[in-house]
Amino acid sequence: MDSSKLLKNVYGIDIHFEDLVYQVNVPKKPEKKSVLKGIKGTFKSGELTAIMGPSGAGKSSLMNILTGLTKSGVSGKIEIGKARKLCGYIMQDDHFFPYFTVEETMLMAATLKISNQCVSLKEKRTLIDYLLNSLKLTKTRQTKCSNLSGGQKKRLSIALELIDNPAVLFLDEPTTGLDSSSSFDTIQLLRGLANEGRTIVCTIHQPSTNIYNLFNLVYVLSAGRCTYQGTPQNTVMFLSSVGLECPPYHNPADFLLECANGDYGDQTEALAEAAKDIRWRYDQQLMQGEDADAPSETQVAKFNESQSPGQVQVQVQKIEIQNMESSKDLTKHTYPPTEYMRLWLLIGRCHLQFFRDWTLTYLKLGIHVLCSILIGLFFGDSGSNATKQISNVGMIMIHCVYLWYTTIMPGILRYPAEIEIIRKETFNNWYKLRTYYLATIITSTPVHIIFSTVYITIGYLMTDQPVEMDRFVKYLLSAVVVTICADGLGVFLGTVLNPVNGTFVGAVSTSCMLMFSGFLILLNHIPAAMRFMAYISPLRYALENMVISLYGNQRGQLICPPTEFYCHFKNAVTVLRQFGMEDGDFGHNILMILIQIAIFKVLSYFTLKHKIKTN
Ligand SMILES: Nc1ncnc2c1ncn2[C@@H]1O[C@H](COP(=O)(O)OP(=O)(O)OP(=O)(O)O)[C@@H](O)[C@H]1O
């Protein structure tokens, strides 16, 4: 089958809004600020609409409200309803995973958005070829996303959202950062997509005349009010009707913005009043009343009817596309995979991402091995030599703290680096946040287990610790759970705070936990009022468990070198007594760390969810 046909099967969805008010709180002031002041408009299917206006006019606010990104403070009527699921939102900045190629990124989008049950993998590949070709990205299909130019990134963003053929596309300033030729190409591409029956709405700053004329409708905002809604071609005549004459050789779009900006006096009231006349939406002949092709009175009446309150319905009708051969293909609908399927796909993507980012994998693993060997060389036979037992507990402490620090810091930085991608993908219904979150947990946990196992095993063997499987497994288990706990706390801090504050709080909280770990100051020496801190320190539980693993369970005697007259720690139990850990309960300690892991993981999910919605 020709997969490109899937893209032609467009539902026409008109967006209508009226009495749209958006109010925001102003710090230290009782009254609210009205960003949008009761505006009204219709963005039709098959049309490319530009939302324009001076800076601060409310363009992004309108866009965010229509896409559903902004909900609070909004009142009025928006007719798009459930059809929002059929919308794609292309945000101003283009964010992709840097280590994936264009083709891989497209394939991931296709598999996450469309079920294999309705479109086979082979068909998806054909669809991708078609899209890459249409968006002039074929030559870059093997290029890593981080190496794309600004225009290529924008086209890739559009291609990704086109994969499941949305009926409505919103784009926030799609030409920002592009040169004039790329800007023209991008808007021309959008016009082509609109011609196929989609509703395409974008905000734009100062378009050139060429670009301006590509739009079907221009919707201008000025201080939260609509000061023009009509075709680009009618702009000059519209402004003239309120006494604003566009100078010769002046770009009408610039003049329109200058008027909206108040450069020729405050004309907002007059422009807003004149903009209510819907005739500006039709071509100029209507104004002159000369041409038979001008919209008939019936058309205008129908349009007026659709604008009247109470009459407007979400319009979902199928657009007939000419030259389609197979009606079967036309009626073929795509639907998304189940969230369970998406979970597996996301786990695969997380793994791939992990192996592509060599700093995250090979460098970290190499440093773990190196540091572990250094510790082994440094502490020598501390595990068995009775004279070195304080040092040996120090080494256990180092094991704990090293794993904690090297895990908490990347944890803090994990989501801030990805948040824009997650926001874009969850908003555009690629998957649910909980699915992604679960996939990252499922992927990262084995990695922590493997990395900490490598690190601990080398140090354990090199420092002559007891060669007993039971002790080793308990020691390792304690190290692994505290590593996972560090990741949980790191991710939590990273979702609550920005990276700078997160790393600061991460370092400070680790230092506090260290103080209450029972090594630097013995537990029974901590002032009673502050002792509760020890009971919330995962490092304390881990340290106690690691010490119990090595010295508890009737280990017996350690080696006292013949040169030593007296070995205080000859009996292993003396070490436990020294640190006040003879009553330590391994199972209880593990449970306490597991509870903290669960708390951090649950909290992180909700803070991440909140962050994605509010930023
Ligand atoms: N959540 C908010 N809290 C406070 N003020 C807000 C909020 N959202 C928007 N505003 C204010 O509303 C006005 C319009 O903002 P908006 O971002 O919609 O403008 P814009 O037309 O997109 O501007 P620009 O072209 O500069 O991006 C601005 O003055 C902005 O400060």
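- As annotated in an unreviewed UniProt entry, the protein chain carries the name FI05237p and comes from Drosophila melanogaster.
- According to its UniProt record, the protein chain has this under Subcellular location (unreviewed entry): "Membrane".

## Focus: helix α20 (residues 538–551)
Argument step 1. Between its terminal C-alpha atoms α20 stretches 20 Å, which fits the 20 Å expected from 14 residues at 1.5 Å a residue.
Argument step 2. N553 occupies a position one or two residues after α20 and carries a positive phi of about 50°.

## Side note on the environment of A572
Argument step 1. By the element assignment, A572 lies in helix α21 (residues 572–578).
Argument step 2. Overall, the relative accessible area of 1% leaves A572 in the buried class.
Argument step 3. When near neighbours in sequence (up to four residues on either side) are disregarded, A572 contacts Y551, R555, G556 and L558.

## Digging into the sheet that holds strand β3 (residues 32–43)
Argument step 1. Spatially, β3-β2-β5 is the arrangement adopted by the three strands of the open sheet, whose pairing is antiparallel. Strands at the two margins of the open sheet, each flanked by one partner only, are β3 and β5 (74–79). The sheet shows a mean angle of 15° between the axes of neighbouring strands, direction not considered.
Argument step 2. As paired elements, strand β2 (residues 15–25) and β5 share five bridges and run antiparallel to each other. From the neighbouring strand, Y22 faces β5, where its bridge partner is V74.
Argument step 3. Packed onto the sheet, helix α2 (residues 59–67) meets β2, β3 and β5 and runs at close to 115° relative to β2.

## Digging into the site of the ligand
Argument step 1. For the ligand, the set of nearby residues contains 13 residues, the closest of which are K33, S55, K59, S60 and S61.
Argument step 2. S55 has a polar side-chain atom sitting 2.6 Å from an oxygen atom of the ligand.
Argument step 3. G58 places a main-chain nitrogen or oxygen 3.0 Å from an oxygen atom of the ligand.
Argument step 4. Protein chains shield 61% of the accessible area of the ligand, which is 630 Å² for the free molecule.
Argument step 5. Every element with two or more residues in the shell around the ligand is listed here: β2, β3 and α2.
Argument step 6. Residue composition of the shell around the ligand, by class: five nonpolar, six polar and two charged.

## Points about the domain arrangement of the protein chain
Argument step 1. Looking at the assigned domains, one finds that the protein chain contains domain 1 (3–86 + 166–283), domain 2 (102–162) and domain 3 (339–614).
Argument step 2. Here domain 1 and domain 2 have C-alpha centroids that lie 28 Å from each other.
Argument step 3. Opposite the 16 residues of domain 1 that make contact, domain 2 presents 15 residues.
Argument step 4. Between the two partners, domain 1 and domain 2, sit zero salt bridges.
Argument step 5. On inspection of domain 1 and its partner domain 2, the count reaches zero residue pairs in polar contact (both at pLDDT 80 or more).
Argument step 6. Mapped onto the side of domain 1 that touches domain 2, the elements with two or more residues apiece are α1 (5–8), β7 (168–171) and α6 (180–195).
Argument step 7. Top contributing element to the side of domain 1 that touches domain 2 by residue count: α6, with four residues.
Argument step 8. Taken together, the residues that form the side of domain 1 that touches domain 2 break down as ten nonpolar, three polar and three charged.

## What to know about the sheet that holds strand β9 (residues 217–222)
Argument step 1. Taking strand neighbours across the sheet as the criterion, the six strands line up as β6-β7-β8-β4-β9-β10 in an open arrangement whose pairing is mixed. Because the sheet does not close on itself, it has two edges, and the strands there are β6 (87–90) and β10 (225–230). Geometrically, the sheet is characterised by an average inter-axis angle of 15° between neighbouring strands, direction not taken into account.
Argument step 2. Taken together, the four bridges between β6 and β7 define a ladder with parallel strand orientation. For C87, the partnering residue across the bridge sits in β7 and is V168.

## Quick look at the confidence of the model for the protein chain
Argument step 1. With 89% of its residues at a pLDDT of 70 or more, the protein chain has an overall mean of 83.
Argument step 2. For the stretch residues 289–295, pLDDT sits under 50, and the model shows eight contacts to residues farther than four places along the chain or on other chains.
Argument step 3. Predicted confidence for residues 303–332 stays below pLDDT 50, and this span has 61 contacts to residues more than four positions away or in other chains.
Argument step 4. The complex prediction reports pTM at 0.81, with the ipTM value standing at 0.96.

## With respect to the packing of helix α3 (residues 102–113) against helix α14 (residues 339–356)
Argument step 1. Remark: α3 packs on α14, axes separated minimally by 9 Å, with the N-to-C direction vectors making an angle of 160°. Relative to α14, α3 is oriented roughly antiparallel. Between α3 and α14 lies a crossing whose hand is left-handed. Residue-level contacts link E104, M108, T111, L112 and K113 of α3 to R342, L345, L346, R349, L352 and R356 of α14.

## A word on the packing of aromatic side chains
Here the distance between the centres and the angle between the planes together describe a pair of aromatic rings.
Argument step 1. Within the structure shown, the criterion is met by 18 aromatic pairs.
Argument step 2. Each member of the aromatic cluster is reached from another via a ring pair, and the members are Y415, Y437, Y605 and F606.

## Focus on the nonpolar core
Argument step 1. Counting 107 residues, the largest nonpolar core has L62, M106 and F170 as its most contacted members.
Argument step 2. The leading source of residues in this core is α3, at seven residues.
Argument step 3. Beyond its immediate stretch of four places on either side in the chain, M106 contacts I128, L131, L132, L156, A159, L160 and I163.

## What about unusual backbone geometry?
Argument step 1. Notably, A223 is not glycine yet its phi reads approximately 45°, a positive angle.
Argument step 2. Relative to the assigned elements, A223 resides in the loop between β9 and β10.
Argument step 3. The class for A223 is partly exposed, based on a relative accessible area of 42%.
Argument step 4. With a phi angle near 60°, D464 is a residue other than glycine that sits in the positive phi range.
Argument step 5. Following the sequence through the fold, D464 ends up in the loop between α17 (433–462) and α18 (469–496).

## Notes on the state of the cysteines
Argument step 1. Overall, the coordinates contain one disulfide when judged by the stated rule.
Argument step 2. Disulfide pairing places C560 opposite C567 at an S-S distance of 1.8 Å. Between C560 and C567 the disulfide shows an S-S torsion of about 85°. By sign, it is right-handed.
Argument step 3. Taking the relative accessible area as the measure of exposure, C560 reaches 23% and is therefore partly exposed.
Argument step 4. Look at C567 and you get buried, because its relative accessible area is 9%.
Argument step 5. The closest cysteine sulfur to the non-disulfide-bonded C87 is located on C202, 15 Å from its own sulfur.
Argument step 6. Judged by relative accessible area, C87 falls into the buried class, the value being 11%.
Argument step 7. The thiol of C350 is not disulfide-bonded; the next cysteine sulfur, from C145, is found 16 Å away.

Definitions and cut-offs
Think of each chain on its own: its residues are numbered from 1, step by step along the sequence as written. Per-residue local features are limited, in this predicted model, to residues with pLDDT of at least 70; the limit for side-chain atom pairs, both in listing and counting, is 80 or more; totals at the level of whole chains, interfaces and linings are taken over all residues. Values shown for side chains rest on all heavy atoms present in the structure; no hydrogens or waters enter the calculation. UniProt positions are given in the numbering used here, feature names are shortened, and annotations may be inferred rather than shown by experiment. Secondary structure elements are taken from DSSP: a helix is a run of H or I of four residues or more, a strand is a run of E of two residues or more, and numbering for both begins at the N terminus. To estimate the expected span of a helix, count its residues, drop one, and scale the result by 1.5 Å. To sort residues, take the accessible area from a 1.4 Å probe on protein chains only and compare it with the maximum for the residue type: under 20% means buried, over 50% means exposed, and anything in between is partly exposed. In this analysis, two residues are considered to be in contact whenever any of their non-hydrogen atoms come within 4.5 Å of each other. Here, any two strands with at least 2 DSSP bridges between them count as paired. Orientation is described by axes fitted as lines to C-alpha atoms, over the contacting stretch for helices, and by angles from 0 to 180 degrees between their N-to-C directions. Throughout, near means a residue has at least one heavy atom within 4 Å of the molecule or strand. For this analysis, a polar contact is any N or O atom pair within 3.5 Å, provided that within protein one partner can donate a hydrogen and the other can accept it, and provided that sequence-adjacent residues contribute only side-chain to side-chain pairs. The protein chains shown are the only cover counted for residues, whose accessible areas, like all others here, come from Shrake-Rupley with a 1.4 Å probe. Any residue that is not Ala, Val, Leu, Ile, Met, Phe, Trp, Tyr, Cys, Pro, Asp, Glu, Lys or Arg is counted as polar, Gly included; the first ten are nonpolar and the last four charged. Domain ranges listed in this record stem from an automatic or a database domain assignment. Salt bridge, as used here, is a side-chain nitrogen of Lys or Arg placed within 4 Å of a carboxyl oxygen of Asp or Glu. Across the chain, each position has a pLDDT score giving the predictor's confidence in that residue, from 0 to 100. Throughout this description, any angle smaller than 35 degrees is read as roughly parallel, any larger than 145 degrees as roughly antiparallel, any in the 65 to 115 degree range as roughly perpendicular, and the remainder as oblique. In this scheme the handedness of a crossing depends on how the near helix is turned from the far one: anticlockwise by less than a right angle means left-handed, clockwise means right-handed. Between the rings of Phe, Tyr and Trp (Trp by its six-membered ring), a pair exists once the centres lie within 6.5 Å; its type follows the angle of the planes, with under 30 degrees stacked, over 60 edge-to-face, and the other angles tilted. Only buried Ala, Val, Leu, Ile, Met, Phe, Trp, Tyr and Cys residues count toward a nonpolar core, and they belong to the same one when joined by side-chain atoms within 4.5 Å. Here, the term disulfide refers to a pair of cysteine sulfur atoms separated by no more than 2.5 Å.

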